[in-house]
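Residue-level structure breakdown
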Amino acid sequence: MRIIGTGSAIPKMAVTNDMLSQFLDTSDEWIVPRTGIRTRHVITDEKLEDLGTLAASRALEMAGLRAEDIDFFLCSNVICEYATPSLSCIIASKLGITAPCIDINCACPGFLYAMDIAETYYKAGKARNVLIVCAEEPTKMCDWNDRSTCVLFGDGAAAAVLGPGENILGTRLHSQPAPDKIWETIPLNSTPYSQTCTSAVPLQMKGREVFKFAVNASTTEVEALLKELGMTKEQVSWYMVHQANIRIIDAIKQYLGEPEEKFPTNIHDHGNSSSASCLILLDECNRKGLFKEGDILVFSAFGAGLLSAAAVVRW
Ligand code: COA
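Residues numbered from 1 in each chain as written. Predicted model: local features only at pLDDT ≥ 70, side-chain atom pairs only at ≥ 80, totals over all residues. Heavy atoms only, no water.

Remarks on helix H7 (residues 246-256)
What counts, and what does not: Relative accessibility under 20% of the residue-type maximum defines a buried residue, over 50% an exposed one, and the middle range a partly exposed one, all with a 1.4 Å probe and only protein chains included. The numbering of helices and of strands both runs from the N terminus, where a helix is a DSSP run of H or I of at least 4 residues and a strand a run of E of at least 2. Contacts are residue-level and defined by heavy atoms, with any inter-residue pair within 4.5 Å sufficient. Under the rule applied, a polar contact is a pair of N or O atoms within 3.5 Å (in protein, one hydrogen donor and one hydrogen acceptor; residues adjacent in sequence only if both atoms are side-chain atoms).
The set of residues buried in H7 consists of Ile246, Ile248, Ile249, Ala251, Ile252, Lys253 and Leu256. The inward-facing, buried residues of H7 contact helix H2 (28-35), helix H6 (207-228), strand S11 (238-241), helix H8 (267-270) and strand S12 (296-303). You can read the cap of H7 off the contacts: a side-chain oxygen lies 2.7 Å from the backbone nitrogen of Arg247, and it is on Asn245. Gly257, located one to two residues past H7, shows a positive phi value of around 65 degrees.

Notes on the packing of aromatic side chains
The cut-off we apply is this: Only centres within 6.5 Å qualify two rings of Phe, Tyr or Trp (six-membered ring in Trp) as a pair; their planes then separate them into stacked at under 30 degrees, edge-to-face at over 60, and tilted for everything else.
Applying the stated rule across the entire model yields six aromatic pairs. Judged by centre distance (5.9 Å) and plane angle (70 degrees), the rings of Phe111 and Phe299 are edge-to-face. With Phe111 in helix H5 (residues 110-123) and Phe299 in strand S12, the pair connects residues that are 188 residues apart, well separated along the chain. The pair Phe111 / Phe299 is uniform in exposure class, with both members buried. Note on Trp238 and Phe291: the rings are 6.3 Å apart at their centroids and 65 degrees apart in plane angle, and the pair reads as edge-to-face. You can see Trp238 sitting in strand S11 and its partner Phe291 sitting in the loop between helix H9 (276-287) and S12, a full 53 residues away along the chain. Each member of the pair, Trp238 together with Phe291, is buried. Counting every residue linked through ring pairs, the aromatic cluster contains Trp238, Phe291 and Trp315.

Here's the deal with the environment of Gly271
Note that Gly271 resides in the loop between H8 and H9. Residue classification places Gly271 among the buried positions, given a relative accessible area of 1%. Ignoring any residue separated from it by four or fewer positions in sequence, one finds Gly271 in contact with Ile37, Thr39, Arg40, Leu152, Gln243 and Ser277.

Description of the site of the ligand
To be explicit about the condition: In these notes, residues near a molecule or strand are those with any non-hydrogen atom within 4 Å of it. Accessibility throughout is a Shrake-Rupley quantity obtained with a 1.4 Å probe, and a residue counts as covered only by protein chains that appear here.
Inspection of the region around the ligand gives 20 residues, with Thr26, Arg147, Gly207, Arg208 and Asn245 positioned closest. Gly207 has a polar backbone atom sitting 2.9 Å from a nitrogen atom of the ligand. The side chain of Arg208 places a nitrogen or oxygen atom 2.9 Å from an oxygen atom of the ligand. In isolation the ligand offers 960 Å² of accessible surface; the protein chains occlude 72% of this area.

A closer look at the domain arrangement of the protein chain
Condition: Either an automatic procedure or a domain database provided the assignment from which the domain bounds are taken. The buried area of a pairing is the accessible area, by a 1.4 Å probe, that goes missing from both parts when the two are put together, added over both.
Its domain assignment divides the protein chain into domain 1 (2-165) and domain 2 (171-314). Each partner contributes residues to the interface: domain 1 has 48 residues there, and domain 2 has 41 residues. At the boundary of domain 1 with domain 2, total buried surface from both sides reaches about 3600 Å², with 66% on carbon and sulfur atoms. Area buried by domain 1 at its contact with domain 2 is led by Cys108, Leu112 and Tyr113, which between them contribute 18% of it.

Let's talk about the sheet that holds strand S8 (residues 168-175)
What counts is decided by this rule: When DSSP finds two or more bridges between two strands, those strands count as paired. Lines fitted to the C-alpha atoms define the axes, with helices restricted to the stretch that makes contact. Angles between their N-to-C directions range from 0 to 180 degrees.
Pairing in this open sheet of four strands is mixed, and the strands run S8-S13-S12-S11 from one edge to the other. Two strands in the sheet have a free side with no partner beyond their single neighbour: S8 and S11. Across the sheet, the mean angle from the axis of one strand to that of its neighbour is 10 degrees, orientation sign disregarded. On top of the sheet, H5 reaches S8, S12 and strand S13 (307-314); it is set at about 60 degrees to S13, its chief contact.

As for the packing of H6 against H7
Where we set the bar: Orientation labels follow simple angle bins: below 35 degrees gives roughly parallel, above 145 gives roughly antiparallel, 65 to 115 gives roughly perpendicular, and whatever is left gives oblique. Crossings are classed by handedness, with left-handed meaning an anticlockwise turn of the near helix from the far one by less than a right angle and right-handed meaning a clockwise turn. Amino acids are sorted into nonpolar (Ala, Val, Leu, Ile, Met, Phe, Trp, Tyr, Cys and Pro), charged (Asp, Glu, Lys and Arg) and polar (every other residue, Gly among them).
Following both chains from N to C, one finds H6 and H7 inclined at 40 degrees, their axes separated by 9 Å at the closest point. Taken together, the axes of H6 and H7 lie oblique to each other. As for how H6 packs across H7, the hand of that crossing is right-handed. Where H6 abuts H7, its residues Phe211, Ala214, Val215, Ser218, Thr219, Val222 and Glu223 lie against Arg247, Ile248, Ala251, Ile252, Tyr255 and Leu256. Looking at the contact of H6 with H7, its residues break down into nine nonpolar, two polar and two charged.

Here's the deal with the sheet that holds strand S5 (residues 101-104)
Overall, mixed pairing links the five strands, which are arranged S1-S7-S6-S4-S5 in an open sheet. Both outer strands of the open sheet, strand S1 (2-9) and S5, are each paired with one neighbouring strand and no more. Taking the axes of each pair of neighbouring strands and ignoring which way they run, one obtains an average angle of 15 degrees across the sheet. In this sheet, strand S7 (residues 156-163) lies alongside strand S6 (residues 130-136) in antiparallel orientation, the contact comprising seven bridges. When the bridges of S7 are listed, Leu131 appears paired with Val161. This element, H5, spans S1, strand S4 (72-76), S5, S6 and S7 of the sheet and lies at about 160 degrees to S4.

Examining the pattern of salt bridges
Note the following rule: One speaks of a salt bridge when a side-chain nitrogen belonging to Lys or Arg is within 4 Å of a carboxyl oxygen belonging to Asp or Glu.
The final tally for this structure, using the stated rule, is 20 salt bridges. Salt-bridge contacts for Arg172 lead to Glu228; the nearest nitrogen and oxygen are separated by 2.8 Å. Taken together, the positions of Arg172 in strand S8 and Glu228 in helix H6 put the pair 56 residues apart, joining distant regions of the chain. Looking at Arg172, the relative accessible area reads 27%, which means it is partly exposed.

Now the structure itself:
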């Protein structure tokens, strides 16, 4: 397949570190050096499905396609208001898409998991034009009294339209199951036969362990995928790394021995918006005209699960 359109939609409210320090024992001086984050965009009166729909329409417009041209729709989402129907169905109804709709929850690497599934369907002859939307509102998962998590996240949605082509050169998906590293529970209803034993617990994270996993998984997967494809790092034009933390990106850069200028970032403005991160970055870089035809983009993302993934794409 080939990425033929990208789009994104970001909530209007930008929350600075100084705004957080008005109600939280934190500071710009603590947050910036440890995370790189200066502001994050937070949903206020917007609906996540509307952001997803807007991002998708922008991607469709760039691709020059209409809703009826899409024959497979994947939506990556960790949490939203609806348990059912799926977020993809809700967004599809707003766009007028009637193709099969599937939601996936692969946390932060969700875009790369979706791209892998899209490519597999394409190669099996089951899809020609695929829409991927990553729509996330992790700020609704956090305890806003917990300074170790809430300062890290931001909301947003982004989309990619994939059309026929041979430009997804390879993908690699990896899991190292460890549900105690990043987790959150939401209560289900009690029944006459079972009292709900799951109480709501907001997002919990073992930050230092996640940090180590992220750096290790990213560098290992990227090097293994390039080797599998018979490619060298010299051929890579851009690394599109999940925007979780600038120190994670710096460590990946250092381990790979690759120069700063190959790593575009936007974490300072957005924070970590889970699976939307990589795709928001892709859209911003694309609209700035950063990529030229033939450029090699290496994607790397990691997150809850623990899951990670890498992909190599020719622009
Ligand atoms: N402001 C001020 N102090 C804070 C703080 C904040 N926002 N968050 C934590 N602290 C404090 C802690 O309470 C602790 O204080 P104590 O020593 O008095 O107990 C101290 O800072 C150190 O906490 P620690 O959690 O060990 O800090 P750290 O150096 O590991 O940095 C992270 C925390 C979250 C920035 C870091 O672990 C990290 O980046 N992890 C990866 C997280 C991530 O990106 N996850 C998503 C992957 S998809």
